[in-house]
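# Examining the three-dimensional arrangement
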Amino acid sequence: RDLEESLLDLEEKATDQELIGRIFRALHTIKGSGSMFGYDTLTAFTHDIETAYDLVRSGKLQVTKKLVDSTLAACDEIRGMLTDDDNRSGALSETQTEIVGGIRELIKDARGDQPPAPALAVAVAEMSADESQHECTYRVRLTPELDLFANGTTLLAGTQVAGVFR
C-alpha cells in the first residue's frame, strides 16, 4: 500500500528523492522477499522495475507518466502473484510481459543500450560446464526473534532452495 501511495505522490513530485528512494526500497524488498521465499516469477518480474528506479535515483532516468503508470500496473500484478501459489515459478503472463517490456524500453533509452539480463540468468550463463557438475551442501542456522510468527511469517513457505552458490 505504501508503494502505491508513494507512486501517486510521485506523479506530483517527480524529483522528490526521498519518495524515489522509498519506491526503490519497496521494490527491492518485494524482489528480495520473493526470491527468499521461492517466488521466482515475482522476483524476475520485479527485477527490471527495481532497476528503473535505481536509474531514477542516480539521475539517469526521469520520472514519466509511463514509468509511474507501468509501476502502478505492476503493483496490481504483484498483488496477484502473491496470492497465486500455483504461479510461484511459472512464466510471466501476457500483461506482465507487456509491463516488463515497457520498463525495459525506458531502461534501454536511459542507458543507451540493452538492459542487463536478470541476475540469476547471468550467474548461470557465467558458470563453466565443470562448475555446474559440482554439488555443495550448506548448513544454515536460523535463530529467529521470539515474535517471528506475529506478522504471519511461516518457515515452511519457500523452503526449497535452488541455485548455485560460490
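Up top you'll find the structure we're talking about.
Residues numbered from 1 in each chain as written. Predicted model: local features only at pLDDT ≥ 70, side-chain atom pairs only at ≥ 80, totals over all residues. Heavy atoms only, no water.

## Topic: the packing of aromatic side chains
What the rule picks out here adds up to zero aromatic pairs. Its end group placed over the ring of Phe-24, Arg-57 keeps NZ or CZ at 3.7 Å from the ring centre. (Phe/Tyr/Trp six-rings, centres within 6.5 Å; stacked < 30°, edge-to-face > 60°. Lys NZ or Arg CZ within 6 Å of the ring centre and 35° of its normal.)

## Here's the deal with helix α5 (residues 94–111)
If you check α5, its first and last C-alpha atoms are 25 Å apart, about what 18 residues at 1.5 Å a residue would give, namely 26 Å. What α5 keeps buried is the set Gln-96, Ile-99, Val-100, Gly-102, Ile-103, Leu-106 and Ile-107. Around the axis of α5, the buried residues are gathered within 155° of arc, so they sit on the same side. Seen from the open side of α5, the exposed residues pointing more than 90 degrees away from its buried face are Glu-94, Glu-98 and Asp-109. (Helix = DSSP H or I, 4+ residues; strand = E, 2+ residues; numbered from the N terminus. Expected span 1.5 Å × (residues − 1). Buried < 20%, exposed > 50% of the residue type's maximum accessible area, 1.4 Å probe, protein only. Arc of directions from axis to C-beta.)

## What about the environment of Leu-27?
Relative to the helices and strands, Leu-27 resides in helix α2 (residues 17–36). According to the relative accessible area criterion, Leu-27 is buried, its value standing at 1%. The residues touching Leu-27, leaving out its near neighbours within four places in the chain, are Leu-3, Thr-46, Ile-49, Glu-50 and Tyr-53. (Contact = heavy atoms within 4.5 Å.)

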